[in-house]
Amino acid sequence: MQMSSPDHLIAPAGLTLPRLWNKGAIAALAWLVSAAITRYWPNGARDWPYSQLWAEINVTIGLLLLLLTVTYRHWVTALPRLRVAAAWLIALPLLLSGWQLLTAKLLVLPVPFFAPPQALLQVFHDDWPRLLDSLYHSLSLLVSGVLLGTLFGFIAGLAIGWSPRVGYWMHPVLRILGPLPATALLPLCFFLFPTSHDASVFLIALATWFPVTVLTWSGVAGIDQAWYDVARTLGGNSRFLILRVAIPAALPSVFVGLFMGLGASFSVLIVAEMVGVKSGIGFYLQWAQGWAAYSNMYAALLLMALLCSGLISLLFAVRNRVLRWQKGTMKW
């Protein structure tokens, strides 16, 4: 019997392996071209520190991709995500090359308002202690507020969806507080709370509380009454109905509220740190803007984006773990 070669396997997104090999070679070439632009294209106004290091990083990535392309038969079935990322591995060096040309080489985007990639690399290399301290304080503040907002939002949404009496009193509160941006309450919170940290935690919790409350309420209220009837027929009491019927059925909506609340909490986090704390990404952004250190500002924005992306990925992992019983029925 004739065995089919690995070249006839099908990669994700409709890529055959020979086509994947071609994409890998193109990606490696794109990274090497990006390194050549950084190293050999003359700078427009001044030499940027860490340009040599940035070129070496590009060369390293290009050579690594070339090695992976040559040896793809040995890893192609074990690293499916790398196959899916083939197109991005081509687009990313092209974007970085364009960024390099528009800033350091052709000066289309003027300095100091815009900076090339190696300027951000310099910030991460020289100012990493302050960035790490800012990341730690922002993460601790964000986690405290999101956990409190999620807890109270889940309890409130469950109570509203389960009890019409609670819903009667809570609906007006939601209608009043819901449309208000949490940052609008900033001056009042700094007056009511003893420290700026406590006020910031409350604002983040408030921004998380509203979407979690509304989506939990929607999830509980949307449960088919037949499920409750079946549970009562089998002898389930109110506690059983809440813990074993209402909460599991509402969890998909709860996670939607968590995703929405996490996005809202980041906006509140930056504003609160700009006003009331002495450390954090928001405070670092304000400091960088005050001193016209735009490279530091872009580095902080990139760090914030990575933090947000990491937390969303973590939340996806938790959702997949908690809702593994719904695998195959929900698409995200």
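Residues numbered from 1 in each chain as written. Predicted model: local features only at pLDDT ≥ 70, side-chain atom pairs only at ≥ 80, totals over all residues. Heavy atoms only, no water.

1. Structural notes on the UniProt feature "transmembrane region" (unreviewed entry) in the protein
Under the local residue numbering, the UniProt record ascribes the feature "transmembrane region" (unreviewed entry) to residues 20-41, 53-72, 84-115, 135-161, 173-193, 199-220, 241-271 and 291-318. Summarising residues 199-220: 100% helix, 0% strand, and an end-to-end C-alpha distance of 31 Å. (UniProt positions renumbered as here; feature names shortened; annotations may be inferred. Helix = DSSP H or I, 4+ residues; strand = E, 2+ residues; numbered from the N terminus.)

2. Side note on the nonpolar core
Counting residues in each nonpolar core, the largest one holds 54 residues, and the members touching the most others are Leu142, Ile204, Tyr228, Phe266 and Ile281. For this core, the secondary structure elements donating two or more residues are α6 (117-126), α7 (128-162), α9 (186-192), α10 (196-221), α11 (225-233), α12 (238-276), α13 (281-290) and α14 (294-322). It is α12 that contributes the most residues to this core, 14 residues altogether. Contacts of isoleucine 281, omitting those with residues within four sequence positions, involve Ser134, Leu135, Ser138, Ile270, Glu273, Ala300, Met304 and Leu307. The next biggest cluster of nonpolar side chains, apart from the first, holds 8 residues, and it includes Ala27, Trp31, Trp54 and Leu65. (Core = buried A, V, L, I, M, F, W, Y, C linked by side-chain atoms within 4.5 Å. Buried < 20%, exposed > 50% of the residue type's maximum accessible area, 1.4 Å probe, protein only. Contact = heavy atoms within 4.5 Å.)

3. Section: the packing of helix α8 (residues 164-177) against α10
Where α8 meets α10, the closest approach of the two axes is 11 Å, and the angle between their N-to-C directions is 140°. Looking at the two axes, α8 sits oblique to α10. Like other packed secondary-structure pairs, α8 and α10 cross with a definite hand, here left-handed. Taken together, the residues of α10 that come into contact with α8 (itself represented by Met170, His171, Leu174 and Leu177) are Trp209, Phe210, Thr213 and Trp217. (Axes fitted to C-alpha atoms, helices over the stretch in contact; angles between N-to-C directions. Parallel < 35°, antiparallel > 145°, perpendicular 65-115°, else oblique. Left-handed = near helix turned anticlockwise from the far one by under 90°.)

4. Digging into the side chain of serine 34
Relative to the assigned elements, serine 34 resides in helix α1 (residues 17-40). Other than its neighbours up to four places away in sequence, serine 34 contacts Asn58, Pro93, Leu96 and Ser97.

5. What to know about the packing of α7 against α8
Axis separation between α7 and α8 bottoms out at 6 Å; the angle between their running directions is 125°. By the criterion of interaxial angle, the relationship of α7 to α8 is oblique. Remark: the crossing between α7 and α8 carries left-handed chirality. Contacts between α7 and α8 involve Ala156, Ala159, Ile160 and Trp162 on the former and, on the latter, Pro164, Val166, Gly167, Met170, His171 and Leu174. Looking at the contact of α7 with α8 residue by residue, the classes come out as 8 nonpolar, 2 polar and no charged. (Nonpolar A, V, L, I, M, F, W, Y, C, P; charged D, E, K, R; others polar.)

6. Quick word on α14
The end-to-end C-alpha distance of α14, which contains 29 residues, comes to 42 Å, matching closely the 42 Å that a straight helix rising 1.5 Å per residue would cover. The set of residues buried in α14 consists of Tyr294, Ser295, Asn296, Met297, Ala299, Ala300, Leu303, Met304, Leu307, Leu311, Leu315 and Arg319. (Expected span 1.5 Å × (residues − 1).)

7. Describing the packing of aromatic side chains
Evaluation of the coordinates by the stated rule reveals 5 aromatic pairs. When the ring of phenylalanine 113 is compared with that of tyrosine 294, the centres are 5.3 Å apart and the planes differ by 45°; the resulting orientation is tilted. Here the residue phenylalanine 113 occupies a position in the loop between α5 (86-105) and α6, and tyrosine 294 occupies one in helix α14, the gap between them amounting to 181 residues. The exposure class assigned to phenylalanine 113 is partly exposed, which follows from its relative accessible area of 46%. Between the aromatic rings of tyrosine 168 and tryptophan 169, the centroid separation amounts to 5.1 Å while the plane-to-plane angle is 85°, which identifies the pairing as edge-to-face. Per residue, the accessibility class of tyrosine 168 equals that of tryptophan 169, and both read exposed. (Phe/Tyr/Trp six-rings, centres within 6.5 Å; stacked < 30°, edge-to-face > 60°.)

8. Comments concerning the confidence of the model for the protein
Per-chain confidence: the protein averages 84 in pLDDT, with 89% of residues scoring 70 or above. Low pLDDT, under 50, characterises residues 1-14; the predicted model gives this stretch 18 contacts beyond four residues in sequence or across chains. (pLDDT = per-residue confidence, 0-100.)

9. As for the environment of leucine 307
Mapped onto the elements of the fold, leucine 307 is located in helix α14. Along the primary structure leucine 307 and serine 138 are separated by 169 residues, whereas in three dimensions their C-alpha atoms are 9.6 Å apart.

10. Quick notes on the environment of proline 187
In this fold, proline 187 is placed in helix α9. Note: C-alpha distance between proline 187 and valine 275 (88 residues apart in sequence) is 9.8 Å.

11. Overview of the side chain of serine 200
Structurally, serine 200 is set in helix α10. For serine 200, a relative accessible area of 0% gives the class buried. Apart from the residues lying within four places of it in its own chain, the contact partners of serine 200 are Leu141, Ala272 and Val277.

12. Some points on the environment of threonine 195
As for its position among the elements, threonine 195 is in the loop between α9 and α10. Overall, threonine 195 belongs to the partly exposed group, its relative accessible area being 38%. For the pair formed by threonine 195 and valine 277, sequence separation is 82 residues and the distance between their alpha carbons is 9.2 Å.

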